[in-house]
Amino acid sequence: MTILSNLKLTTAKKPTNVSPLLHRRHKLSKRIWEQIELAKAQKVGETFTTKKFKSIKDINGITRSVEMDKRVRQWWFVSDSGKVCLNIRYGAKVIELAKGKTAIEVANADELIRTLELVKSAVEGGELDTQIESVSGALREGFIK
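Residues numbered from 1 in each chain as written. Predicted model: local features only at pLDDT ≥ 70, side-chain atom pairs only at ≥ 80, totals over all residues. Heavy atoms only, no water.

Colleague: Looking at this structure, I do not really get the overall build of the chain. What am I missing?
Modeller: In terms of helices and strands, the chain carries 4 helices and 7 strands. Tracing the chain from N to C terminus, the helices and strands come up as α-α-β-β-β-β-β-β-β-α-α. A compact globule built from 145 residues would reach a C-alpha radius of gyration of about 15 Å, whereas the chain, at 20 Å, exceeds it by more than 25%. Along the longest, intermediate and shortest principal axes, the C-alpha atoms of the chain span 65 × 55 × 45 Å. A buried classification covers 27% of the 145 residues belonging to the chain. Taking as baseline every contact in the chain between residues at least 6 positions apart, the subset at least 24 positions apart corresponds to 48%. Carbon and sulfur atoms provide 54% of the accessible area of the chain, an area that totals close to 10,900 Å². The centroid of the 27 positive side-chain charges in the chain is displaced by 7 Å from the centroid of its 17 negative side-chain charges. (Helix = DSSP H or I, 4+ residues; strand = E, 2+ residues; numbered from the N terminus. Rg over C-alpha atoms; globule rule 2.2 N^0.38 Å. Buried < 20%, exposed > 50% of the residue type's maximum accessible area, 1.4 Å probe, protein only. Contact = heavy atoms within 4.5 Å. Areas by Shrake-Rupley, 256 points an atom, 1.4 Å probe, with all protein chains shown as cover. Lys, Arg positive; Asp, Glu negative; His and termini not counted. Charge placed at Lys NZ, Arg CZ, Asp CG, Glu CD.)

Colleague: Would you mind showing me how to read the nonpolar core here?
Modeller: What tends to happen in soluble globular proteins is that the nonpolar side chains get buried as a cluster. With 24 residues, the main nonpolar core has Leu28 and Ile32 as its most contacted residues. Elements with a contribution of two residues or more to this core: α2 (20-43), β4 (84-87), α3 (109-125) and α4 (129-143). Counting residues per element, this core draws most heavily on α2, at 6 residues. With residues up to four places along the chain from it excluded, the contact list for Leu28 reads Trp75, Ile88, Arg89, Tyr90, Ile95, Val123 and Ile132. (Core = buried A, V, L, I, M, F, W, Y, C linked by side-chain atoms within 4.5 Å.)

Colleague: Would you mind showing me how to read the layout of surface pockets here?
Modeller: Put simply, the largest pocket is a space of about 340 Å³. Arg31, Trp75, Arg89, Gly91 and Ala92 are, among the 15 residues lining the largest pocket, the residues nearest its centre. Those elements giving two or more residues to the lining of the largest pocket turn out to be α2, β2 (63-71) and β5 (89-90). With 5 residues, the top contributor of residues to the lining of the largest pocket is α2. (1 Å grid on protein atoms, 1.4 Å probe; cavity = no way out; pocket = protein on both sides within 12 Å on 5 of 7 lines; lining within 4 Å. Points joined across faces, edges and corners; volume = space filled by probe spheres on them.)

These values are about where atoms sit, not about what they do.
Shown next as structure tokens:
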């Protein structure tokens, strides 16, 4: 019992559900991680894909899950001035980072990766919660008939 006596014991209960705000943060954080990995892969001349499961029916009508590659589309583009511009997207919508400003300008691929990592930490820290909420509301409006 001497090993357990050195540990800090507590009465904690695992939460049964995640708040919608945290769910949106995790969703955006995962997408930014995909962009970071895509930028790293493009920097060394490789391709990056993630895996997803798709349900298909075979000839007999039996549904089964098949693992497939999911293409990751890049969020950055080269502007007229030759700089790389990065949009942060939530679903199909671009997040407005400041009043009237939707893009982050970076110089090269190294700075792009660092910028994506900074944005990811900002999202996880809750700095973009109001922007995520407004874009999420606009996305939800599109599904209402």
